[in-house]
Amino acid sequence: MKFTAWFKKILLFLVLFFAIDYAISEVLLNGLNKYFGLHTQSDMFINGSSMSMSGFDKTNLEKILHKKISFYTRTGVSLQDRSAMLHHYFDAATQKTDIAIFEVNPLLFSKKFTSANVYMLFLPFIDEPSMAQFISANTDTKEFWVRKLIRCSRYNSDMIALAMKGYTGNYKNQKNLTLDVNALEGMKSEQNSVQVELNPQKIELFKSSLALMQKHCNKIILVNMPIFSTKLKTFKTQEYQAYLNLVQQSADASKNIYFLDLSQPHIDEQASYFSDPLHLNSSGQEQITAAMTQFLSAHKF
């Protein structure tokens, strides 16, 4: 009898545990889907790294352009990660997206990874086939099944915050700090010294990503994001130009691909637009969002 009572308590605990775990995770997952615009039909799709996260105000873009936008951007993602994001997004799409905005930057074709354990950013989507395969390839069997069974273990504080933003619709850059130009004086000695790598495997992956977007989108805009001038000048001039030429040639190869270079002196040289050398603050976000809308209007997208 004692064993039966003990067994019932354990069973009741497990039922309650997994029921609560499921309920909380579903609320969070729904918030993330809203934030990124997944499993919904959008007119425009934005894919990029933290440079895009800080650069584009999705809410203002939607208001000005009168378009529904999916904003699938993550911090620290490499081209491999973004390829997985593209497959994830388009696997759930029911029809073609009109416009895809794809961020490019001088680090895009490097064989180096910008952040470790990036797969953890996508754990909430482990139940979806394309992401399950990506996560499985980047983790061990034990962790994979723990994340599968205990759903709340897929979320950290960052993902919870994004889920809440999905419910509130808040895409405003909250960073109001501006660059201290004097603190970057040491960077001036590094001018024309940082390699801009064009790894052949990354170039092929870029081409396959473009082909995937062409299959699912009517128009593609490759957007080179602003970098503060002191940092920008550290890149080797000829290699940076070769990077720009590669992106431009990719755009020229197809009539439905466009290249928008937002790394311009009137932006790059304004310390008041940046929170750090690679990321815009709220003022910079306003400038980039305005430039993006002007480009789209000028081309009658």
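Cut-off values and rules
Residues numbered from 1 in each chain as written. Predicted model: local features only at pLDDT ≥ 70, side-chain atom pairs only at ≥ 80, totals over all residues. Heavy atoms only, no water. Helix = DSSP H or I, 4+ residues; strand = E, 2+ residues; numbered from the N terminus. Rg over C-alpha atoms; globule rule 2.2 N^0.38 Å. Buried < 20%, exposed > 50% of the residue type's maximum accessible area, 1.4 Å probe, protein only. Contact = heavy atoms within 4.5 Å. Areas by Shrake-Rupley, 256 points an atom, 1.4 Å probe, with all protein chains shown as cover. Lys, Arg positive; Asp, Glu negative; His and termini not counted. Charge placed at Lys NZ, Arg CZ, Asp CG, Glu CD. Expected span 1.5 Å × (residues − 1). Arc of directions from axis to C-beta. Polar contact = N/O pair within 3.5 Å; in protein donor to acceptor, adjacent residues only side chain to side chain. Core = buried A, V, L, I, M, F, W, Y, C linked by side-chain atoms within 4.5 Å. Axes fitted to C-alpha atoms, helices over the stretch in contact; angles between N-to-C directions. Parallel < 35°, antiparallel > 145°, perpendicular 65-115°, else oblique. Left-handed = near helix turned anticlockwise from the far one by under 90°. Nonpolar A, V, L, I, M, F, W, Y, C, P; charged D, E, K, R; others polar. Salt bridge = Lys/Arg side-chain N within 4 Å of Asp/Glu carboxyl O.

1. Description of the overall build of the chain
On a plain count of helices and strands, the chain comes out with 12 helices and seven strands. Taking 19 Å as the expected radius of gyration for a compact globule of 301 residues, we find that the chain reaches 21 Å, a close match to that expectation. Considering the chain as a whole, with its 301 residues, one finds that 50% of them fall into the buried category. Contacts in the chain between residues at least 24 apart in sequence constitute 82% of all its contacts with a sequence separation of at least 6. With the model as given, the accessible surface of the chain reaches about 15000 Å², and the carbon-plus-sulfur share is 57%. Of note, the chain has its 31 positive side-chain charges centred 7 Å away from the centre of its 26 negative side-chain charges.

2. Brief notes about helix 7 (residues 157–168)
The first and last C-alpha atoms of helix 7 sit 17 Å apart over 12 residues, in line with the 16 Å expected at 1.5 Å per residue. Among all positions of helix 7, only Met-159, Leu-162, Ala-163 and Gly-166 are buried. The arc enclosing the buried residues of helix 7, seen along the axis, measures out at 105°, which places them on a common side. Summarising the geometry of helix 7, the exposed residues directed more than 90 degrees from the buried face are Ser-157 and Thr-168. The N-cap residue of helix 7 is Asn-156: its side-chain oxygen and the backbone nitrogen of Asp-158 are 3.2 Å apart.

3. A closer look at unusual backbone geometry
For His-39, which is not glycine, the phi dihedral falls at a positive 60°. Along the chain, the position of His-39 falls in the loop between helix 1 (2–36) and strand 1 (44–48). His-39 sits in the partly exposed class, given a relative accessible area of 46%. Even without glycine at this site, His-66 takes up a positive phi of about 60°. Looking at the secondary structure, you find His-66 in the loop between helix 3 (58–65) and strand 2 (69–73). For His-66, a relative accessible area of 71% corresponds to the exposed category.

4. So, the nonpolar core
In this structure, Phe-56, Tyr-72, Phe-122, Ile-221, Leu-222 and Met-292 are the most contacted members of the largest nonpolar core, which totals 87 residues. The contacts of Phe-56, once residues within four sequence positions are left out, are Ile-46, Leu-61, Phe-71, Tyr-171, Val-223, Met-225, Leu-262, Gln-285, Ile-288, Thr-289 and Met-292.

5. Side note on the packing of helix 4 (residues 79–92) against helix 8 (residues 200–216)
For the pair helix 4 and helix 8, the least separation of the axes is 10 Å and the interaxial angle reads 15°. It follows that helix 4 is roughly parallel to helix 8 by the angle criterion. For the crossing formed where helix 4 meets helix 8, the hand is left-handed. Across the interface between the two elements, Leu-79, Gln-80, Ser-83, Leu-86, His-87 and Phe-90 from helix 4 touch Lys-202, Leu-205, Phe-206, Ser-209, Leu-212, Met-213 and His-216 from helix 8. Taken together, the residues of the contact of helix 4 with helix 8 break down into seven nonpolar, five polar and one charged.

6. Notes on the pattern of salt bridges
Going through the model one piece at a time under the given rule, you end up with 11 salt bridges. When the shortest N-O distance is used, the salt bridge between Lys-172 and Glu-286 registers 3.4 Å. With a gap of 114 residues between them, Lys-172 in the loop between helix 7 and helix 8 and Glu-286 in helix 12 (residues 282–298) connect regions that are remote in the sequence. What makes Glu-286 partly exposed here is its relative accessible area of 48%. Its salt-bridge partner being Lys-188, residue Glu-185 comes within 3.1 Å of it at the nearest N-O pair. Where salt bridges share partners, they join Glu-26, Asp-127, Lys-148, Arg-151 and Arg-154 into one cluster.

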